[in-house]
Number of protein chains: 2
Amino acid sequence: MSNEQLDALRDELDKVNLQILDLINERASLAKKIGQVKDTGGKNRFDPVRERNMLDLIAENNKGPFETSTVQHLFKQIFKASLEIQEDDNRKALLV
Amino acid sequence: MSNEQLDALRDELDKVNLQILDLINERASLAKKIGQVKDTGGKNRFDPVRERNMLDLIAENNKGPFETSTVQHLFKQIFKASLEIQEDDNRKALLV
């Protein structure tokens, strides 16, 4: 394959990267909203059952080529970052 | 907010999770193709300059709420998994 073909694949990859970026930020916004709902409802932010359900749904819908263990690992990192952003919100609220 | 509202937000989050899942798999397929092009072109799979460029593009396009350092960390995990899937391909090719 030529360098032109490599460049075309890379352009496509960059587009997919930016779509993933927008979606993980959309996910973060939703997670923040959920965190706020839980604050008013007196619920804990970290919910292992809910996390397990999300991971199961991801496993059921994984068509590859990534192995299910790989995508679950990546999502656990995303969940962790989302939880941290909720906790930051809470810290800022306490400082007001 | 009510439990119904929490459930609605969670449904939305599940939909976003599945969109992210499809995109990271689409990304993995593209990375595999790029790996194959590089094999025929005699290039190294890991390319720190290309990775830096991708991280810069992500930083330029990050609208939050995630911090740029957070999204870059998440993408580094995705890059790592993509490199591993390319290496698996290579190992399988060597075993044929």
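Residues numbered from 1 in each chain as written. Chains lettered and ligands numbered in written order. Predicted model: local features only at pLDDT ≥ 70, side-chain atom pairs only at ≥ 80, totals over all residues. Heavy atoms only, no water.

Engineer: How would you summarise the overall build of chain A if you had to cite specific residues and measurements?
Structural biologist: Tallying secondary structure elements over chain A gives three helices and zero strands in all. Each helix and strand of chain A, placed in order from N terminus to C terminus, yields the pattern α-α-α. Over its C-alpha trace chain A gives a radius of gyration of 18 Å, far above what one expects of a compact globule, namely 12 Å for 96 residues. Within chain A, buried positions represent 41% of all 96 residues. Working note: accessible area of chain A is about 5,500 Å², and carbon and sulfur atoms make up 50% of it. (Helix = DSSP H or I, 4+ residues; strand = E, 2+ residues; numbered from the N terminus. Rg over C-alpha atoms; globule rule 2.2 N^0.38 Å. Buried < 20%, exposed > 50% of the residue type's maximum accessible area, 1.4 Å probe, protein only. Areas by Shrake-Rupley, 256 points an atom, 1.4 Å probe, with all protein chains shown as cover.)

Engineer: Pulling in residues and values, what's your account of the relation of the copies chain A and chain B?
Structural biologist: After a rotation of 180° and a shift along the axis of 0.0 Å, chain A superposes on chain B with an RMSD of 0.0 Å. Such a combination of rotation and displacement between the chain copies is what one expects of a two-fold axis. Measuring from the rotation axis to each C-alpha of chain A, the shortest distance belongs to Ile20 of chain A, at 3.0 Å. (Least-squares fit on C-alpha atoms with pLDDT ≥ 70 in both.)

Engineer: Tell me what's going on with the packing of helix 2 (residues 48–61) of chain A against helix 1 (residues 3–41) of chain B, and back it up with residues and numbers.
Structural biologist: In the contact formed by helix 2 of chain A and helix 1 of chain B, the axes pass within 10 Å of each other and the chain directions differ by 40°. Relative to helix 1 of chain B, the element helix 2 of chain A is oriented oblique. Of the two elements, helix 2 of chain A crosses helix 1 of chain B, and the hand of that crossing is right-handed. Judged by residue contacts, Arg50, Met54, Leu57, Ile58 and Asn61 of chain A of helix 2 of chain A engage Arg10, Leu13, Asp14, Asn17, Leu18 and Leu21 of chain B from helix 1 of chain B. By residue class, the composition of the contact of helix 2 of chain A with helix 1 of chain B is six nonpolar, two polar and three charged. (Axes fitted to C-alpha atoms, helices over the stretch in contact; angles between N-to-C directions. Parallel < 35°, antiparallel > 145°, perpendicular 65-115°, else oblique. Left-handed = near helix turned anticlockwise from the far one by under 90°. Contact = heavy atoms within 4.5 Å. Nonpolar A, V, L, I, M, F, W, Y, C, P; charged D, E, K, R; others polar.)

Engineer: Outline the packing of aromatic side chains, listing residues and values.
Structural biologist: Residues and elements named next belong to chain A. In this structure the tally under the stated criterion is two aromatic pairs over all chains. With centroids separated by 6.1 Å and ring planes inclined at 50°, the aromatic side chains of Phe75 and Phe79 adopt a geometry described as tilted. With Phe75 and Phe79 both in helix 3 (residues 68–95) and four residues apart, this pair spans about one turn of that helix. Across the pair, Phe79 and Phe75 agree in class, each one buried. (Phe/Tyr/Trp six-rings, centres within 6.5 Å; stacked < 30°, edge-to-face > 60°.)

Engineer: Give a detailed account of the packing of helix 2 (residues 48–61) of chain B against helix 3 (residues 68–95) of chain B, specifying residues and quantitative values.
Structural biologist: Residues and elements named next belong to chain B. At a minimum axis distance of 10 Å, the contact between helix 2 and helix 3 shows a crossing angle of 145°. In this structure, the crossing between helix 2 and helix 3 has a hand that is right-handed. Along the contact surface, helix 2 presents Glu51, Arg52, Met54, Leu55, Ile58 and Ala59, while helix 3 presents Thr68, Val71, Gln72, Phe75, Lys76 and Phe79. Here the residues of the contact of helix 2 with helix 3 sort into seven nonpolar, two polar and three charged.

Engineer: Could you give me a rundown of the pattern of salt bridges, with the residues and numbers involved?
Structural biologist: Evaluation of the coordinates by the stated rule reveals ten salt bridges over all chains. A salt bridge links Arg50 of chain B to Asp14 of chain A, with the shortest nitrogen-to-oxygen separation between them at 3.3 Å. Of this pair, Arg50 of chain B sits in helix 2 while Asp14 of chain A sits in helix 1 (residues 3–41), on two different chains. Note on Arg50 of chain B: relative accessible area 13%, which makes it buried. Here Asp14 of chain A falls in the buried class, since its relative accessible area comes to 15%. In this structure, Lys63 of chain A engages Asp22 of chain B in a salt bridge whose closest nitrogen and oxygen atoms are separated by 3.5 Å. Taken together, the positions of Lys63 of chain A in the loop between helix 2 and helix 3 and Asp22 of chain B in helix 1 put the pair across two chains. According to the relative accessible area criterion, Asp22 of chain B is partly exposed, its value standing at 38%. (Salt bridge = Lys/Arg side-chain N within 4 Å of Asp/Glu carboxyl O.)

Engineer: An account of the interface of chain A and chain B is needed here, citing residue identities and associated values.
Structural biologist: Buried accessible area, meaning the area lost when the parts come together, often serves as the stated size of an interface. Every contact between the two is made by 53 residues of chain A and, on the other side, 53 residues of chain B. When chain A packs against chain B, the two sides together hide about 5,200 Å² of surface, and 72% of this comes from carbon and sulfur. Where chain A meets chain B, there are six salt bridges. Across the contact surface, chain A and chain B share 13 residue pairs in polar contact (both at pLDDT 80 or more). (Buried area = accessible area lost by both parts, 1.4 Å probe. Polar contact = N/O pair within 3.5 Å; in protein donor to acceptor, adjacent residues only side chain to side chain.)

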